[in-house]
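Structural characterization, general
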Amino acid sequence: METVSFVAQIFSVGLLFFLLWYLLRGVVGNFFQKRTEQIEGDLKYAEDEKTAATLLKEEFEQKVRDIEQEKQSSLEAARKMAADRTKEAEATAKSDAEAMKNRAMKDVELEKERASSEMRQTVVDVSAAMVTKFLERTIDAAVHEQMFNETMAELEELAWHN
């Protein structure tokens, strides 16, 4: 009897397996079909996102290159501007120095002329004083007055010519 029960159990299991397969094949098949479609959709979405990310990365890298190029051109322009301003400052400093030198030379010449003029005036004053003292000792008052006036006239005329 054991063999009959064993055969009955195998038959029961087989029948149960067949009934479950027949009843569940549509539900399980649909489940696996939907799951396969979902996985394929997720893979397609991931591939699309990867492509979009690659495009964004390339765009970002291009922008970085453009910014680097713009930075280099800006730096070059700034260097050129600084060099131009340095040249302008040097030229201005040279012209200012030359103008200061010229003014100093003019001031020196004017000071020389003023000193020479003062020296002449001093010589005239000293000479007049010496002549006056000499004449006071040697000439009487009337002759003295006449000679003094003549000398002063000559000195004034001499001073006007210089």
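As the structure is a prediction and not an experimental result, all values here were calculated from the model.

The rules behind each value
Residues numbered from 1 in each chain as written. Predicted model: local features only at pLDDT ≥ 70, side-chain atom pairs only at ≥ 80, totals over all residues. Heavy atoms only, no water. Helix = DSSP H or I, 4+ residues; strand = E, 2+ residues; numbered from the N terminus. Rg over C-alpha atoms; globule rule 2.2 N^0.38 Å. Buried < 20%, exposed > 50% of the residue type's maximum accessible area, 1.4 Å probe, protein only. Areas by Shrake-Rupley, 256 points an atom, 1.4 Å probe, with all protein chains shown as cover. Lys, Arg positive; Asp, Glu negative; His and termini not counted. Charge placed at Lys NZ, Arg CZ, Asp CG, Glu CD. Phe/Tyr/Trp six-rings, centres within 6.5 Å; stacked < 30°, edge-to-face > 60°. Salt bridge = Lys/Arg side-chain N within 4 Å of Asp/Glu carboxyl O.

1. Some thoughts on the overall build of the protein chain
Helix and strand content of the protein chain: two helices and zero strands. Relative to the compact-globule value of 15 Å for 162 residues, the protein chain shows a C-alpha radius of gyration of 62 Å, a clear excess of over 25%. Counting only C-alpha atoms and orienting by the principal axes, one finds that the protein chain spans roughly 195 × 30 × 20 Å. Put simply, the protein chain has 162 residues, and 4% of those count as buried. Carbon and sulfur atoms make up 63% of the accessible area of the protein chain, which totals about 14,800 Å². Of the charged side chains in the protein chain, 22 are positive and 32 negative, and the gap between their average positions amounts to 10 Å.

2. Structural notes on the packing of aromatic side chains
Enumeration according to the criterion identifies two aromatic pairs in this entry. Ring centres of Phe31 and Phe32 lie 5.5 Å apart, and the angle between their planes is 65 degrees; this geometry places the pair in the edge-to-face category. Exposure remark for Phe31: the relative accessible area of 52% places this residue in the exposed category. Look at Phe32 and you get exposed, because its relative accessible area is 52%.

3. Topic: the pattern of salt bridges
Tallied over the full model, the rule gives seven salt bridges. The residue Asp48 makes a salt bridge to Lys44 at a minimum N-O spacing of 3.4 Å. You can see Asp48 and its partner Lys44 sitting in helix α1 (residues 2-138), four residues apart, about one turn around the helix. Among the ionic pairs, Glu68 bridges to Lys71, the shortest N-O distance being 3.3 Å. Highlighted residues: Glu68 and Lys71, both in helix α1, separated by three residues, approximately one helical turn. Residues participating in the shared-partner salt-bridge network are Glu111, Arg114 and Glu118.

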